[in-house]
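Remarks on the overall topology
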Amino acid sequence: MDTETFLAYFKENLKGENIEEKINIDEWIYGPGLPSNIPVVNSNRMAEMGARASEYSEGKFALNNLNWASLSYQEKVYFLSNVKVSSNAQLDELSSTLGLLEEKNNEVLFTWLELAVKNHYTKAYNQLTEFLTEVGRRKFVAPLYEDLVATNQKDVAAKIYQTARKNYHAVTVQTVDALLYDSVGK
């Protein structure tokens, strides 16, 4: 349906007192970016995960008080994305208490592996290798290789890539080749 047909349908079927002005239809249809009246969504559960992550990062929250198994994958990702670690001991605790080395959800696993790579947590590198070899989605693969390169671990990235490259889509290969070209070649 083109824009003009949609607007005609809208005007015909959604009659109401100044409905076009109330919802600011022109900004929604023709304006750049997101309109000024886009609804803001707040989640108490995500806010709680952010608070727990901050508290854990500051040493004020015990992981065993977090019912990890009952959390949605979004909550787990949010928690892991907001945790700041300063030692391998914290990473060990995260891994063992939350069972991250056995994690099966790719979104959660990806977030955990990003945290591991950024902190040179080599205990997770077998899991990283397996993930990068078995999962070919560019949205997961490219950022992990980028993190390896950004943290001076290009040699680790190149070693994994030599095995994993054959499993990737051509677009993913192009992306990682460009990132690792000096080490891997085409």
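Report follows, based on the coordinates. Not measured: the values here are computed from a predicted model.

1. As for the overall build of the chain
The helix and strand inventory of the chain stands at 11 helices and zero strands. If you list the helices and strands of the chain from N to C, you get α-α-α-α-α-α-α-α-α-α-α. Taken against the 2.2 N^0.38 rule, which gives 16 Å for 186 residues, the C-alpha radius of gyration of the chain at 22 Å runs more than 25% over that of a compact globule. Projected onto its principal axes, the C-alpha coordinates of the chain cover approximately 60 × 50 × 25 Å. Counting only residues that meet the buried cut, the chain has 37% of its 186 residues in that class. If you take every contact in the chain between residues at least 6 apart in sequence, the share linking residues at least 24 apart comes to 54%.

2. Focus: the nonpolar core
In globular proteins that are soluble, nonpolar side chains generally tend to be buried together. Core analysis: the largest hydrophobic core is formed by 45 residues, its most contacted members being Trp68, Phe79, Leu94, Trp112, Leu128 and Tyr145. Here this core takes eight residues from helix α7 (residues 106–118), the largest share from any one element. The contact partners of Leu128, leaving out residues within four places of it in the chain, are Leu113, Val117, Leu144, Leu148 and Ile160.

3. With respect to the packing of helix α9 (residues 138–150) against helix α10 (residues 154–164)
Running from N to C, α9 and α10 cross one another at 150 degrees; their axes reach a closest spacing of 7 Å. Relative to α10, the element α9 is oriented roughly antiparallel. Of the residues in α10, those touching α9 at Tyr145, Leu148 and Val149 are Lys154, Val156, Ala157, Ile160, Tyr161 and Ala164. Of the residues assigned to the contact of α9 with α10, the class counts are eight nonpolar, no polar and one charged.

4. Section: the side chain of Ser95
Tracing the sequence through the fold places Ser95 in helix α6 (residues 88–98). Not counting residues within four places of it along the chain, the set of residues in contact with Ser95 comprises Leu100, Leu101, Trp112 and Tyr121.

5. A word on the pattern of salt bridges
The final tally for this structure, using the stated rule, is seven salt bridges. Notably, a salt bridge pairs Lys60 with Glu58, separated by 3.3 Å at the nearest N-O pair. By relative accessible area, which is 64% here, Lys60 ends up exposed. In this structure, Glu107 and Lys139 form a salt bridge, with 2.8 Å as the shortest nitrogen-oxygen distance. One end of the pair, Glu107, is in helix α7; the other, Lys139, is in helix α9, and 32 residues separate them in sequence.

6. Description of the side chain of Gln127
The topology assignment puts Gln127 in helix α8 (residues 125–134). If we skip the residues at most four places from it in the chain, Gln127 touches Leu100, Leu101, Glu102, Glu103, Leu109, Trp112 and Leu113.

7. Concerning unusual backbone geometry
For His120, which is not a glycine, the phi torsion comes out positive at approximately 55 degrees. Tracing the chain through its elements places His120 in the loop between α7 and α8. Take His120: its relative accessible area is 39%, and that puts it in the partly exposed class. Residue Asn152 is not a glycine yet carries a positive backbone phi of 60 degrees. For Asn152, a relative accessible area of 71% corresponds to the exposed category.

Calculation notes
Residues numbered from 1 in each chain as written. Predicted model: local features only at pLDDT ≥ 70, side-chain atom pairs only at ≥ 80, totals over all residues. Heavy atoms only, no water. Helix = DSSP H or I, 4+ residues; strand = E, 2+ residues; numbered from the N terminus. Rg over C-alpha atoms; globule rule 2.2 N^0.38 Å. Buried < 20%, exposed > 50% of the residue type's maximum accessible area, 1.4 Å probe, protein only. Contact = heavy atoms within 4.5 Å. Core = buried A, V, L, I, M, F, W, Y, C linked by side-chain atoms within 4.5 Å. Axes fitted to C-alpha atoms, helices over the stretch in contact; angles between N-to-C directions. Parallel < 35°, antiparallel > 145°, perpendicular 65-115°, else oblique. Nonpolar A, V, L, I, M, F, W, Y, C, P; charged D, E, K, R; others polar. Salt bridge = Lys/Arg side-chain N within 4 Å of Asp/Glu carboxyl O.

Interpretation note: all reported values are geometric properties and have no functional meaning in isolation.
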